[in-house]
Amino acid sequence: MKQYIVIGLGNFGASVAKTLVDKGYNVLAIDKNKEKVQELANTVTHAVEADATDEEVLKTLGVRNFDLAVVSIGNNIHANVLTTLLLKELGVSYVIVKAQDNLHGNLLSKVGADRIIYPERDMGVRIAHNLISSNVMDY
Ligand code: ATP
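An unreviewed UniProt entry lists the protein chain under the name TrkA family potassium uptake protein, with Iocasia fonsfrigidae as the source organism.

Shown next as structure tokens:
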């Protein structure tokens, strides 16, 4: 059974975590905000209130034993990049990270992010493709 970590439980991260749990996967969810952690405490396998930029915390949580991490810290680019770097250095094999823009994405690839996502942009492309393929544009 694959083990996932989701860091940053805003709308995006919480949605990723809940969906993985619905599909039967184990999820360790981390956020530094107590309320966000409490909201998911009864849903995910483990919900932990912690600062993901603290290397000792990540070590204690045993992040190296997880197959995949999703970093969905949003507005704080420093925390987003530092968390990504630490996860890679601690040995998480696949790290997916939410980026704000191309420059941020470039930086993330330099610190070792395996996949960079731009949720709003990606969803816009997807919706446009759906519209075209379902011929909604013709109406
Ligand atoms: P969304 O659009 O997904 O709702 P957002 O892009 O607005 O989120 P933020 O709200 O800035 O992103 O961050 C998402 C979550 O990341 C927040 O719940 C915040 O508490 C958490 N977060 C920020 N920094 C850290 C950190 N260093 N360690 C753990 N969690 C953090």
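Now that the structure has been shown, the text picks up again.
Here we come to the overall build of the protein chain. Summing up its helical and strand segments, the protein chain has 6 helices and 6 strands in all. Across the protein chain, helices and strands are ordered from the amino to the carboxyl terminus as β-α-β-α-β-α-β-α-β-α-β-α. For 139 residues, the compact-globule estimate of 2.2 N^0.38 gives 14 Å, and the C-alpha radius of gyration of the protein chain, at 16 Å, lies within 12% of that figure. Here the C-alpha coordinates of the protein chain stretch approximately 55 × 35 × 30 Å along the principal axes. By the burial criterion, 36% of the 139 residues in the protein chain qualify as buried. Summarising the internal contacts of the protein chain: among those between residues at least 6 apart in sequence, 47% fall at separations of at least 24. Carbon and sulfur atoms make up 50% of the accessible area of the protein chain, which amounts to about 8,200 Å² in all.

Its 12 residues place the ends of helix 1 (residues 11-22) 16 Å apart at the C-alpha level, agreeing with the 16 Å of an ideal helix rising 1.5 Å per residue. Looking only at helix 1, the buried set comprises G13, A14, A17 and L20. With its buried residues spanning 130° around the axis, helix 1 presents them on a single face. Across helix 1 from its buried face, at more than 90 degrees, point the exposed residues N11 and D22. Among the structural elements, strand 1 (3-7), strand 2 (26-31) and helix 2 (34-40) are those in contact with the buried residues of helix 1. With its phi angle positive at about 95°, G24 sits one or two positions after the end of helix 1.

Turning our eyes to something else, we now look at the site of the ligand. Taken together, 19 residues are adjacent to the ligand, and N11, F12, D31, D51 and K98 come closest. A distance of 2.6 Å is found between an oxygen atom of the ligand and a side-chain nitrogen or oxygen belonging to D31. For the ligand, whose unbound accessible area comes to 640 Å², protein coverage reaches 79%. Placement of the ligand is best described as lying within the largest pocket. Of the residues that constitute the shell around the ligand, the class distribution is 6 nonpolar, 8 polar and 5 charged.

Further remarks concern the layout of surface pockets. Empty pockets left among the atoms are what a rolling probe the size of a water molecule brings to light. The calculated volume of the largest pocket comes to roughly 890 Å³. Elements that contribute at least two residues to the lining of the largest pocket include exactly helix 1, strand 2, helix 4 (77-89), strand 5 (94-98), strand 6 (115-117) and helix 6 (119-133). Broken down by element, the residue count for the lining of the largest pocket peaks at 6 residues, all from helix 6.

Ranked by internal contacts, the top residues of the largest apolar core, which has 25 residues, are I5, I7, L58, V63 and L87. Breaking this core down by element, the ones donating at least two residues are strand 1, strand 2, strand 4 (68-71), helix 4 and strand 5. If you tally residues by element for this core, the top one is helix 4, at 4 residues. Those residues in contact with I7, other than ones at most four positions away along the chain, are I30, A52, V70, V71, S72, I73, T83 and L87.

What counts, and at which threshold
Residues numbered from 1 in each chain as written. Predicted model: local features only at pLDDT ≥ 70, side-chain atom pairs only at ≥ 80, totals over all residues. Heavy atoms only, no water. Helix = DSSP H or I, 4+ residues; strand = E, 2+ residues; numbered from the N terminus. Rg over C-alpha atoms; globule rule 2.2 N^0.38 Å. Buried < 20%, exposed > 50% of the residue type's maximum accessible area, 1.4 Å probe, protein only. Contact = heavy atoms within 4.5 Å. Areas by Shrake-Rupley, 256 points an atom, 1.4 Å probe, with all protein chains shown as cover. Expected span 1.5 Å × (residues − 1). Arc of directions from axis to C-beta. Near = heavy atom within 4 Å. Polar contact = N/O pair within 3.5 Å; in protein donor to acceptor, adjacent residues only side chain to side chain. 1 Å grid on protein atoms, 1.4 Å probe; cavity = no way out; pocket = protein on both sides within 12 Å on 5 of 7 lines; lining within 4 Å. Sits in = over half its atoms within 2 Å of the grid points. Nonpolar A, V, L, I, M, F, W, Y, C, P; charged D, E, K, R; others polar. Points joined across faces, edges and corners; volume = space filled by probe spheres on them. Core = buried A, V, L, I, M, F, W, Y, C linked by side-chain atoms within 4.5 Å.

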